[in-house]
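Commentary on secondary and tertiary structure
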Amino acid sequence: MHPDDAVLDAACGTGRALPVLRAATGPAGLLVGLDLTAEMLAEARRRGRGELARLVRGDVTRLPFADRSFDVVFASGLVSHLPDPDAGLRELARVAVDGARLGLFHPVGRAALARRHGRELTADDVRSEPRIRELLTCTGWQVTRVDDAEDRWLVVAVRRERP
């Protein structure tokens, strides 16, 4: 991330990542936190995060932003909650400039999360490396990193140039 970038925190919840994102963009960067629920945004405001970013209520599958609006898109805990991951990732690509960076994050790795919920890991899990690579490639992104450790799941991708 660079100072002055336009950054979207998609499904920001209470805005937990906004202080770190603001520090990375500097005071001149555009920082937008978007969430589906008014309650989450109200809590973000209560925690003072509305002073760090523009907080917007909206749906990740129908973002209220113009095409090619953001240099960076960040989403923590989002992918496994999307009813249609293909549509959601395609919409994130729509609002990203060519060459934009995407960070998908979860604070717990797949194996640890499966154990916590008493489930087995499956290949069709949206967060499995083959599945997320396929989804991102099909929706306009090029994966540069997949890190599925015990204490995190992180995918970094770049928006491919459009014709």
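Remember, it's a predicted structure, so these values are computed and weren't measured experimentally.

This part is about the sheet that holds strand β2 (residues 30-35). Read across the sheet, seven strands follow the order β3-β2-β1-β4-β5-β7-β6 without closing on themselves; strand pairing throughout is mixed. For this open sheet the edge positions go to β3 (54-57) and β6 (141-149), each flanked by a neighbour on one side alone. Across the sheet, the mean angle from the axis of one strand to that of its neighbour is 15°, orientation sign disregarded. Where strand β4 (residues 70-76) meets strand β5 (residues 96-106), six bridges bridge the pair, whose relative direction is parallel. Residue pairing for β5: Val-73 is matched across the bridge by Leu-102. Against the sheet, helix α2 (residues 38-46) engages β2 and β3, with an angle of about 165° to β3. Along the sheet, helix α5 (residues 129-138) contacts β5, β6 and β7 (152-159); its crossing angle with β6, the most-contacted strand, is approximately 160°.

A few words now on the nonpolar core. Judged by nonpolar contacts, the single largest core of 33 residues is most densely connected at Leu-8, Phe-65, Leu-92, Leu-104 and Leu-136. Of all the secondary structure elements, the ones that give two or more residues to this core are β1 (6-10), β2, β4, α3 (85-94), β5, α5, β6 and β7. Beyond its immediate stretch of four places on either side in the chain, Leu-8 contacts Val-32, Leu-34, Leu-63, Phe-65, Phe-70, Val-72, Val-73, Phe-74, Leu-92 and Val-95. Counting residues in hydrophobic clusters, the runner-up holds 12 residues, among them Val-7, Leu-41, Ala-53 and Leu-55.

Procedures and definitions
Residues numbered from 1 in each chain as written. Predicted model: local features only at pLDDT ≥ 70, side-chain atom pairs only at ≥ 80, totals over all residues. Heavy atoms only, no water. Pairing = 2+ DSSP bridges. Helix = DSSP H or I, 4+ residues; strand = E, 2+ residues; numbered from the N terminus. Axes fitted to C-alpha atoms, helices over the stretch in contact; angles between N-to-C directions. Contact = heavy atoms within 4.5 Å. Core = buried A, V, L, I, M, F, W, Y, C linked by side-chain atoms within 4.5 Å. Buried < 20%, exposed > 50% of the residue type's maximum accessible area, 1.4 Å probe, protein only.

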